[in-house]
Structures are given as structure tokens and as C-alpha cells.
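Here's the letter readout for the chains.
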Amino acid sequence: MRTRPLKVALLGCGVVGSEVARIMTTHADDLAARIGAPVELAGVAVRRPDRVREGVPAGLVTTDATALVKRGDIDVVVEVIGGIEPARTLITTAFEHGASVVSANKALLAQDGAALHAAAEEHGRDLYYEAAVAGAIPLIRPLRESLAGDKVNRVLGIVNGTTNFILDKMDSTGAGYQEALDEATALGYAEADPTADVEGFDAAAKAAILAGIAFHTRVRLDDVYREGMTEVTAADFASAKEMGCTIKLLAICERARDGASVTARVHPAMIPLSHPLASVRGAYNAVFVESDAAGQLMFYGPGAGGSPTASAVLGDLVAVCRNRLSGTTGPGESAYAALPVSPMGDVVTRYHISLDVADKPGVLAQVATVFAEHGVSIDTVRQQGRQDGGGEASLVVVTHRASDAALSGTVEALRKLDTVRGVASIMRVEGE
Ligand SMILES: NC(=O)c1ccc[n+]([C@@H]2O[C@H](COP(=O)([O-])OP(=O)(O)OC[C@H]3O[C@@H](n4cnc5c(N)ncnc54)[C@H](O)[C@@H]3O)[C@@H](O)[C@H]2O)c1
Ligand SMILES: N[C@@H](CCO)C(=O)O
Ligand code: NA
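Calculation rules
- Residues numbered from 1 in each chain as written.
- Chains lettered and ligands numbered in written order.
- Predicted model: local features only at pLDDT ≥ 70, side-chain atom pairs only at ≥ 80, totals over all residues.
- Heavy atoms only, no water.
- UniProt positions renumbered as here; feature names shortened; annotations may be inferred.
- Helix = DSSP H or I, 4+ residues; strand = E, 2+ residues; numbered from the N terminus.
- Contact = heavy atoms within 4.5 Å.
- Polar contact = N/O pair within 3.5 Å; in protein donor to acceptor, adjacent residues only side chain to side chain.
- Axes fitted to C-alpha atoms, helices over the stretch in contact; angles between N-to-C directions.
- Parallel < 35°, antiparallel > 145°, perpendicular 65-115°, else oblique.
- Left-handed = near helix turned anticlockwise from the far one by under 90°.
- Nonpolar A, V, L, I, M, F, W, Y, C, P; charged D, E, K, R; others polar.
- Salt bridge = Lys/Arg side-chain N within 4 Å of Asp/Glu carboxyl O.
- Buried < 20%, exposed > 50% of the residue type's maximum accessible area, 1.4 Å probe, protein only.
- Near = heavy atom within 4 Å.
- Areas by Shrake-Rupley, 256 points an atom, 1.4 Å probe, with all protein chains shown as cover.
- pLDDT = per-residue confidence, 0-100.
- Domains from an automatic or database assignment.
- Buried area = accessible area lost by both parts, 1.4 Å probe.
- Pairing = 2+ DSSP bridges.
- Arc of directions from axis to C-beta.

An unreviewed UniProt entry lists the protein under the name Homoserine dehydrogenase, with Streptomyces leeuwenhoekii given as the organism. Heading Sequence similarities (unreviewed entry) of the UniProt record for the protein holds this comment: "Belongs to the homoserine dehydrogenase family." Heading Function (unreviewed entry) of the UniProt record for the protein holds this comment: "Catalyzes the conversion of L-aspartate-beta-semialdehyde (L-Asa) to L-homoserine (L-Hse), the third step in the biosynthesis of threonine and methionine from aspartate."

Encoded structure:
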């Protein structure tokens, strides 16, 4: 074993960073044996230096992250600050000064992954980020390495723990969105500002990263269609139950059937209770990967939290350190396929539409005609008269597979009918 240690700079010592520092200390001997050289925490950049950080010697702490990455003797920079800046500049500077980088920063990678990979390649260094998607669950490496000889056609998953906790609560207790969110906040799952989670930004960033790797194509956050889950109601769950379904916030990355394009989207969707993703409870994550040769694979586990996320960071750290010792780099960005990312209108799926209609003769025929005129084939229709006796009924239409553009056109035309008083909800049906 080499005695000279590999030097690691840790940027950020919050939920994830503090666990990375702890495991680096407590598992130092095993890490050294697995890498073939000791790893030494050479500096820890923080914003609040006065805080006591267990296991982090005060002498290593600095508020000057830029000076730390510019030191020139750092082998690996671990970026767990989050956000776009200063993380982006710090990572680029790290490459320029000879370090490899391990990051957990999904927002940055979904926005600027291509440029960061190019910087890593230019300087002959590694950029690894297993922790950025679904925390501890191995996903990036299986897609990039284990499945490198296969053709991935679809990645479908629950990649946000906070929203899965909220939806699971709504499903199992009948709670409304706000009540379930309050509980998620009280238990520490949801952040004080839950926007990134509940509006689907966090899941969309992960979808962009997954789609890019799965399809060997550049996919950025802006390419991902996104709908949050704040509008999902207890009534939607009741409808889902009647169909033998539940509701999950899904990230779906698909290769078109003709293979010529891809799509990436995040939105709430009904999935059958028989689908394995339906039984993913609480804050857990799970991702289904469908490929030509392997068939269906499912990856399941904790997608967030300090210690699980640190597990993924440490796995990358070991890999990157091994590469440094052997003078190589791991696989970089693979975007050779360069497939176009199609808009949401091209996505083909099934829909569950709930309408408030006038309860009088001919209404059902009128509604069915609008679907037919837009080429959307109806699978089932269910009508319920309202208890209030106000001459209104609730009409639930489930379609066969249709394009999102055709469905949007249908809904627009339905809204114009005098007999349609309102469109109560539209939800996609997936996983069949
Ligand atoms: N927490 C999770 O469960 C989880 C899971 C997967 C990925 N991630 C990702 O890991 C990263 C870190 O997340 P976290 O939960 O640890 O966040 P956090 O807010 O707990 O920690 C970030 C730390 O960075 C510090 N910081 C901010 N700017 C800094 C600067 N310029 N120099 C030095 N320190 C600075 C902050 O003070 C904070 O302590 C993010 O990219 C996040 O998306 C987190
Ligand atoms: N807020 C994210 C953390 C991991 O990105 C979640 O709830 O899954
Ligand atoms: Na992961």
C-alpha cells in the first residue's frame, strides 16, 4: 500500500458533508485498504466556522473554499454545498488545479453537466455524482457501467422522498395535501421551503441526469416537462382507488418507439396497485429500468438523508481515488447518440379525466364526440349523480393511449361545451 495519503477537500459540512467527514474518519483503515492508499481530509470549507463539528479538527476548517481548491496538492474535491454558484466555479477551479471531483449536486449537474464534464475531460480528471440521483441507491454507476452493453428504453421511478412521503400519507390516511405536508415538515422530511420538492424541480433535475446517461444524449433541466403534486386532492386518491390505483410523483424518461427521440417528464400519475412502485412507502425511492437485453430492473432504497447520501459520496470517493492511483479516469460523459428531446405533446400515455357535467340527456354523447373528434379513444366511462340534486353529475373518463397534444386539444374543446361545468382533474395513468 502507498503510504503517502490522497488528499481530500470537503466543500460544505451540512447534512451530507458532516456524514462524509464522519465516515472518512471512522472507516479510514478500510477505505485505505480498499483504495490502496490512505485518504486524508486536508481541508473543510464551511460558511459558519464557529460551529463545533464532531470529528472535524478545527485546524482543517476554512471559510475560503476557493483558496482550498486552489492549493494544488488536493487530489479529490467533494462538493456538498449545493446550488449553482459558487459550486460551479469551485468545481471548475478544482479541475484547473488538478483535482478530481465528487458531487451530490443534482441542480448543477442537470443545468451544466455537459460543461463540467468537458472541464473534467480537458484536465484529465474524474467527475462522479452517484449521490445526486436517489441518494444511496446505486443508479448512475449501474446505468453508466453495468448496463453499458445493453440498450435502455425506459427509466421510470420515484426519485423524491419528500413527495412520496406526502402522497403516501394522503393515500393511507385520507389526509389533504396541506395536512400531509405539515407532517412531512414536522418530521424533517420537507424543508422550510418545500418548493423544489413539491413542484417537482428536484425530481426533474434527477430525470434530466438519468435520461442523459440512459440514452447517451444531453438532456438538461429545461428539456424536462414538469408538474408538481400540490394540486393532487383526496378526491383524486378516491378516484385512483376505484380504478385499483394509487398516485405517485413519477420521473419518466423514455425512448420513442421508433428510437429516433426521447422524452423526460415529471408529474403525478396513477399507477396500478399491482405495480411494484405502488408499494414504495414513506420517503423511500425506487427506480425501474427497462432495457432490451436485461428486461426490467428495479432499484430501491433510501433516496435522501445525511448518512445514505454520504454512502454514495464515499463510494465515488473510493472509485475516484483508485483511478488517481492507477493514473486513469473512469467513464466520462457519453452523449454520442445526440437524440432530440421531444416536447410533452409527443408523449403517448393513458389519461383519467374527471368532469363536472350537466345531468341531462345527450351530454354523454356530446362528451364522447369531442374525444372522437380529437382521435382519443375512450376505454371506460363512469357517471355519478351528485347528492346535492343540482342537476349536475360527475363523469370520469379513462382513455386508451393517446398523445398529450391530442388530450390537451380534447380538454380545451370540452371546456367550451355549455354542458361541461368544469374539468375537476386530469391525471395520466402509467405503469400498465
Ligand atoms: N440532504 C440530502 O438528503 C441530500 C440527498 C441527495 C443529495 N443531496 C445534495 O447534497 C448537497 C448538500 O446537501 P445538504 O443536505 O448537505 O445541504 P446543507 O444545507 O445541509 O449543507 C450545505 C452546507 O454548505 C454550506 N455552504 C454554503 N455555501 C458555502 C460556501 N460557499 N463555502 C462553504 N460552505 C458553504 C452551508 O453552510 C451548509 O452547511 C446538495 O447538492 C443536495 O442537493 C442532499
Ligand atoms: N429533497 C430530496 C432529497 C434528495 O434529493 C428528497 O426529498 O428526495
Ligand atoms: Na444514487
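Q: Just to check I follow, could you spell out the UniProt feature "binding site: L-homoserine" (unreviewed entry) in the protein for this structure?
A: With numbering matched to this structure, UniProt assigns "binding site: L-homoserine" (unreviewed entry) to Glu191. With respect to the helices and strands, the residue Glu191 is situated in the loop between helix H8 (177–186) and helix H9 (195–198).

Q: Even after reading the chapter, I still don't get the environment of Arg154, so can you show me in this structure?
A: Counting through the fold element by element, Arg154 comes out in strand E7 (residues 152–158). Distance from Arg154 to Gln296, taken between C-alpha atoms, is 9.4 Å for residues 142 residues apart in sequence. Each residue touching Arg154, except ones within four places of it in the same chain, is listed here: Phe215, Ile252, Cys253, Glu254, Phe288, Val289, Glu290 and Glu430. In terms of polar contacts, Arg154 uses its side chain to reach the side chain of Glu254, at 2.8 Å.

Q: What is the right way to look at the packing of helix H7 (residues 161–173) against H8 in this model?
A: Packed helix pairs are specified by the crossing angle of their axes together with the interaxial distance, meaning the distance between the axes. Following both chains from N to C, one finds H7 and H8 inclined at 130 degrees, their axes separated by 9 Å at the closest point. Here H8 runs oblique to H7, going by the angle between their axes. Seen along the crossing, H7 lies across H8 with a hand that is right-handed. Where H7 abuts H8, its residues Phe165, Ile166, Lys169 and Met170 lie against Tyr177, Ala180, Leu181, Glu183 and Ala184. Grouping the constituent residues of the contact of H7 with H8 by class yields 7 nonpolar, no polar and 2 charged.

Q: Is there a simple way to explain the pattern of salt bridges in this structure?
A: Pairs can form between side chains of opposite charge once their charged atoms are near each other. Inspection of every chain in the model, using the stated rule, returns 24 salt bridges. For Asp222, the salt bridge is made with Arg220, and the minimal N-O distance between the two is 3.7 Å. With relative accessibility at 38%, the residue Arg220 sits in the partly exposed group. Shared partners join several salt bridges into a network, and the residues in it are Arg154, Glu254, Arg265, Glu290 and Glu430.

Q: Looking at this structure, I do not really get the site of ligand 1. What am I missing?
A: In the vicinity of ligand 1 there are 19 residues, among which Val15, Val16, Lys106, Gly305 and Thr309 approach most closely. Measuring from an oxygen atom of ligand 1, one finds a backbone N or O atom of Val16 at 2.9 Å. At 3.4 Å, a side-chain N or O of Arg47 approaches an oxygen atom of ligand 1. Protein contact buries 78% of the 820 Å² of open area that ligand 1 shows by itself.

Q: Any chance you could explain the confidence of the model for the protein here in plain terms?
A: Predicted coordinates in regions of low pLDDT should not be interpreted in detail. Looking at the protein as a whole, the pLDDT averages 96, with 99% of positions reaching at least 70. The ipTM assigned to the predicted complex is 0.98, against a pTM of 0.97.

Q: Please clarify how the domain arrangement of the protein should be interpreted in this entry.
A: Interfaces are frequently sized by the accessible area removed from exposure as the parts join. Split by domain assignment, the protein resolves into domain 1 (6–135 + 306–326), domain 2 (139–302) and domain 3 (345–429). Taking only C-alpha atoms into account, the centre of domain 2 sits 26 Å from that of domain 3. With 15 residues of domain 2 at the interface, the matching set in domain 3 holds 11 residues. Counting each side, the surface lost to burial between domain 2 and domain 3 is near 1,200 Å², with a carbon and sulfur contribution of 57%. Considering only the side of domain 2, the residues that lose the most area to domain 3 are Glu242, Met243 and Met270, jointly responsible for 39% of the buried surface there. Remark: the boundary between domain 2 and domain 3 carries 2 salt bridges. The salt bridge involving Arg382 is made with Glu242; its shortest N-O contact spans 2.8 Å. Linking domain 2 with domain 3 are 4 residue pairs in polar contact (both at pLDDT 80 or more).

Q: Hey, could you run me through the sheet that holds strand E3 (residues 61–62) in this one?
A: Strand pairing in a sheet is mediated by backbone hydrogen bonds. Such pairs are either parallel or antiparallel. One open sheet accounts for 6 strands, arranged E3-E2-E1-E4-E5-E6; its pairing is parallel. The open sheet is flanked by E3 and strand E6 (127–128), the only strands paired with a single partner.

Q: Please explain helix H11 (residues 234–242) as it appears in this structure.
A: Because each turn of an α-helix spans 3.6 residues, side chains separated by three or four positions in sequence point in the same direction. Along H11, the positions that sit buried rather than exposed are Asp236, Phe237, Ser239 and Ala240. Buried residues along H11 cover an arc of 160 degrees about the axis, so they all sit on one side. Next to the buried residues of H11 lie H7, strand E9 (245–255), strand E10 (262–272), strand E13 (348–358) and strand E17 (420–429). Taken from the residues just after H11, Gly244 is the one with a positive phi, measuring 75 degrees.

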